[in-house]
Amino acid sequence: MSNYKIAVVPGDGIGKEIVPEGLRVIEAVAKKHNFSIETEEFGWGAGYYLEHNMFLPEDGLDTLKKFDAVYFGSVGLPAVDDTLPAKDYTFKVRTNFNQYVNYRPVRTYPGVTRPLRSEAPIDFVIVRENTEGEFVQVGSQYLPDSENGMGIDSSIFTRKGIERVAHYAFKLARTRRSKVTHITKSNTLINSLAYWDRVIGEVAAQYPDVEHQQMYIDNSTAMFVLKPEQFDVVLTTNLFGDILSDLGGAIMGSLGLGGSGNINPEREFPSMFEPIHGSAPDIAGQNIANPYGQIWSAAIMLEHLGEEEAAQSIMAAIDKTTTQGVLTVDLGGDAKTKDVANAVIANL
C-alpha cells in the first residue's frame, strides 16, 4: 500500500472551511483505492502574519520539503497589505520549490448553468509559466511622491524558463488532443514577448505531431467567451495566465469551480495544489463557500502523485454530484459547503 505525506495549509478565510472538506474526500477515495495519506496541518498565512509578522516561519520551506505534496487553501485578509501574501507566501513557495508550471484546467460541469450561450463542451488546460515573466517583482519606485515620480516593474523571460514550460505544454498536449495555443502580445512587447514567441517556436518544431497556434492575448480573451471549445492546451505567461484562468473559472460558471496545481515536474520538490479563487473573507464562516475547486485540486494532486484511478473517481463523483443538483449559492443552489463534500463522498 502506498502512503503519501501531505502538508495541509488551509490559510485564511474560506480556506479553513473548504480544505477540511477536500481532505475528507481524499481520505474516502484513499480507502476506496487502497492507499493511505498522512497529513500534518500548518496554520500559516495572513492570520499567522498578524501574530508573527511573517506568513510562514523561517524554517517553513524546509518543513514543507519533507512532504510529497502541499494541499493549500488560500491566503489573504483585509487587515493585511494585499501586496504581501503573494510575495511572502505564494511566490515564495512556487519559486523556491521550482514549481514552474501552474496547471489550471477548465471544463464543463454537468448540471451547472454556464453564462455562455453555446452549449459546446469545454475541456482545456491553461499551462501558466509560474516563476518568472511579469511577476518577478524586479523594479522600484523613484521619487513616488513628487511630480516626477515613477514606478518600474521589469518582466524577465529566460530561455531556460520558456523552454521548460513549453516542453511541458507540448508533452501534455500529446496526452490530450494534440494542440497547443500559446498566448502572446509580441506586436507591442517587442522584446520580452517576441523572445517568448521565438523560443516557443523552436520548441514547437520538436513536436511535429502537435498542432501549434499563436494567439494574441486580446484575441484569446474574446475566444475564451465566443469559442472556448477550440482550445486544448493554452500556454501563457505568468500575468496572462493569472487573468485567463479567472476567465476560465467564469465561463465554467463560478470561480469556485476551478482547481489548480503549482507543479515541479521533475519532483525535486513537493508541488502545491489549490483552488484558483481567493480567501473570500466576506463569506468566511458561513458554510456557504463552494468547495468544488478545492476538491478538484485534490484530484489533480492525486494524479500528480500517480493515483490516476483515484483522481478519476473523484472527478466522476463530482460530475454525479453536480448532475444531482448539489450546488452552492454561487451556482444558483442552496447546498452548504459540507453538503457538497458529503454528496461527493457518497457518490464515490
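Everything discussed here concerns the structure shown above.
For every chain, the first residue of the written sequence is number 1, and numbering continues from 1 onward in sequence order. The predicted nature of this model means local features are confined to residues of pLDDT at least 70 and side-chain atom pairs, given and counted, to a pLDDT of 80 or more, with totals for whole chains, interfaces and linings taken over all residues. Calculated side-chain values reflect all of the structure's heavy atoms, with hydrogen atoms and water omitted.

1. Topic: the overall build of the protein chain
Regarding its fold elements, the protein chain presents 11 helices and 12 strands. Each radius of gyration reported is based on C-alpha atoms, and the globular scaling rule is 2.2 Å times the count of residues to the power 0.38. The globule rule puts the C-alpha radius of gyration for 348 residues at 20 Å, and the 20 Å found for the protein chain is close to it. Over its C-alpha atoms, taken along the principal directions, the protein chain stretches across nearly 55 × 50 × 40 Å. A total of 348 residues make up the protein chain; the buried ones form 54% of that total. Residues are treated as being in contact if the distance between any of their heavy atoms lies within 4.5 Å. Considering only contacts within the protein chain whose residues lie at least 6 apart along the sequence, 76% involve residues at least 24 apart. Within the structure as shown, the protein chain displays about 15,000 Å² of accessible surface, and the carbon and sulfur contribution to it stands at 49%. Charged residues are defined narrowly, with Lys and Arg counted positive, Asp and Glu counted negative, and His plus the chain ends left uncounted. To locate a charge, take atom NZ for lysine, CZ for arginine, CG for aspartate or CD for glutamate. Here the protein chain holds 30 positive side-chain charges and 45 negative ones, and the gap between their average locations is 5 Å. Going along the chain from the N terminus, every DSSP run of H or I of four or more residues is numbered as a helix, and every run of E of two or more is numbered as a strand. Under the scheme applied here, a residue whose accessible area is under 20% of the maximum for its type counts as buried, over 50% as exposed, and between as partly exposed, the area being computed with a 1.4 Å probe on protein chains only. Methods summary: accessible areas were calculated by the Shrake-Rupley approach with a probe of 1.4 Å, and residue burial reflects only the protein chains presented.

2. Side note on the nonpolar core
Grouping buried Ala, Val, Leu, Ile, Met, Phe, Trp, Tyr and Cys residues that are joined through side-chain atoms within 4.5 Å yields what is termed a nonpolar core. Among the nonpolar cores identified, the biggest contains 82 residues, and I6, F124, V127, L235, Y292 and I318 are the most heavily contacted of them. Not counting residues within four places of it along the chain, the set of residues in contact with I6 comprises I37, E38, T39, E40, F67, A69, Y71, M301 and L305. By size, the runner-up hydrophobic cluster in this structure holds 21 residues, among which are A46, Y49, V93 and M272.

3. So, a nonpolar patch on the surface
On the surface, a cluster of nonpolar side chains totalling about 390 Å² of accessible area is made up of Y142, L143, M150 and I152. Along the polypeptide, L143 turns up in the loop between β6 (133-142) and β7 (150-156). For L143, a relative accessible area of 44% gives the class partly exposed. Here, patches come from residues exposed beyond 30% relative accessible area and free of salt bridges, joined within 9 Å for like charges and within 5 Å for nonpolar side chains (Val, Leu, Ile, Met, Phe, Trp, Tyr). Only one rule defines a salt bridge in this text: a Lys or Arg side-chain nitrogen within 4 Å of an Asp or Glu carboxyl oxygen.

4. Concerning helix α9 (residues 292-304)
With 13 residues, α9 should cover 18 Å at 1.5 Å per step; its first-to-last C-alpha distance of 18 Å lies within 8% of that length. Counting buried positions along α9 yields 12 of 13 residues, so the element is predominantly enclosed. Where α9 is concerned, the buried positions are Y292, G293, Q294, I295, W296, S297, A298, A299, I300, M301, L302 and H304. Positive phi appears at G306, one or two residues downstream of α9, with a value of about 100°. What a helix is expected to span follows from its residue count: subtract one and scale by 1.5 Å.

5. A short note on helix α7 (residues 217-226)
Of the positions making up α7, those classed as buried are I217, S220, M223 and F224. Each buried residue of α7 lies within a common arc of 115° when the element is viewed along its axis, so the set occupies one face. Along its buried surface, α7 packs onto β5 (123-129), β8 (179-184), β9 (211-216), β10 (233-236) and α8 (238-252). Here, the arc refers to the directions that run from the helix axis to the C-beta atoms.

6. Regarding the layout of surface pockets
Here the idea is plain: a probe the size of a water molecule rolls over the atoms and shows the empty space left. With a 1 Å grid spanning the protein atoms alone, the term cavity applies to any set of points in which a 1.4 Å probe fits but cannot get out, the term pocket to an open set with protein on both sides within 12 Å along at least five of seven lines, and the term lining residue to any residue with an atom within 4 Å of a point. Grid points are joined across faces, edges and corners, and a volume is the space filled by probe spheres set on the points. Taken as a whole, the largest pocket holds about 640 Å³ of empty space. Around the largest pocket, the lining comprises 30 residues; the ones closest to its centre are V75, P85, A86, T90 and G278. Listed by contribution, the elements that provide at least two residues to the lining of the largest pocket are β3 (69-74), α4 (84-96), β6, α8 and β12 (271-275). Grouping the amino acids of the lining of the largest pocket by side-chain chemistry returns 13 nonpolar, 9 polar and 8 charged. Approximately 390 Å³ is the volume attributed to the second largest pocket. Lining of the second largest pocket is provided by 18 residues; of these, Y103, R176, W296, E303 and M315 occupy positions nearest its centre. For the lining of the second largest pocket, the secondary structure elements donating two or more residues are β4 (101-107), β5, α9 and α10 (308-323). As a working rule, the residues Ala, Val, Leu, Ile, Met, Phe, Trp, Tyr, Cys and Pro are called nonpolar, Asp, Glu, Lys and Arg charged, and the rest polar, with Gly in that last group.

7. Re the packing of helix α1 (residues 15-32) against α10
Closest axis-to-axis distance for the α1/α10 pair is 10 Å, and the angle between their directions is 125°. As summarised for this structure, α1 and α10 are arranged oblique, according to the angle between their axes. As for the relative orientation of α1 and α10, their crossing is right-handed in sense. Between α1 and α10, the contacting residues are V25, V29 and K32 on the first element and A310, S313 and I314 on the second. Helix axes are fitted to C-alpha atoms over the stretch in contact, other axes to C-alpha atoms as well, and angles between N-to-C directions run from 0 to 180 degrees. Each angle receives one of four descriptions, namely roughly parallel if under 35 degrees, roughly antiparallel if over 145, roughly perpendicular if within 65 to 115, and oblique otherwise. Less than a right angle of anticlockwise turn of the near helix away from the far helix marks a crossing as left-handed, whereas a clockwise turn marks it as right-handed.

8. Regarding the pattern of salt bridges
Opposite charge on two side chains allows them to pair when their charged atoms are near. The tally for this structure, following the rule as stated, stands at 16 salt bridges. Ionic pairing is found between K338 and E21, a salt bridge with its closest N-O pair at 2.9 Å. Of the two residues, K338 sits in helix α11 (residues 337-347) while E21 sits in helix α1, which places them 317 residues apart along the sequence. Since its relative accessible area comes to 44%, K338 is described here as partly exposed. We note a salt bridge from R174 to D209, for which the minimum N-O separation is 2.9 Å. Here the residue R174 occupies a position in helix α5 (residues 159-174), and D209 occupies one in the loop between α6 (192-204) and β9, the gap between them amounting to 35 residues. Relative accessible area serves as the criterion here: at 44%, D209 is assigned to the partly exposed category. What emerges from the salt-bridge pattern is a single network uniting D123, R176, R177 and D232.

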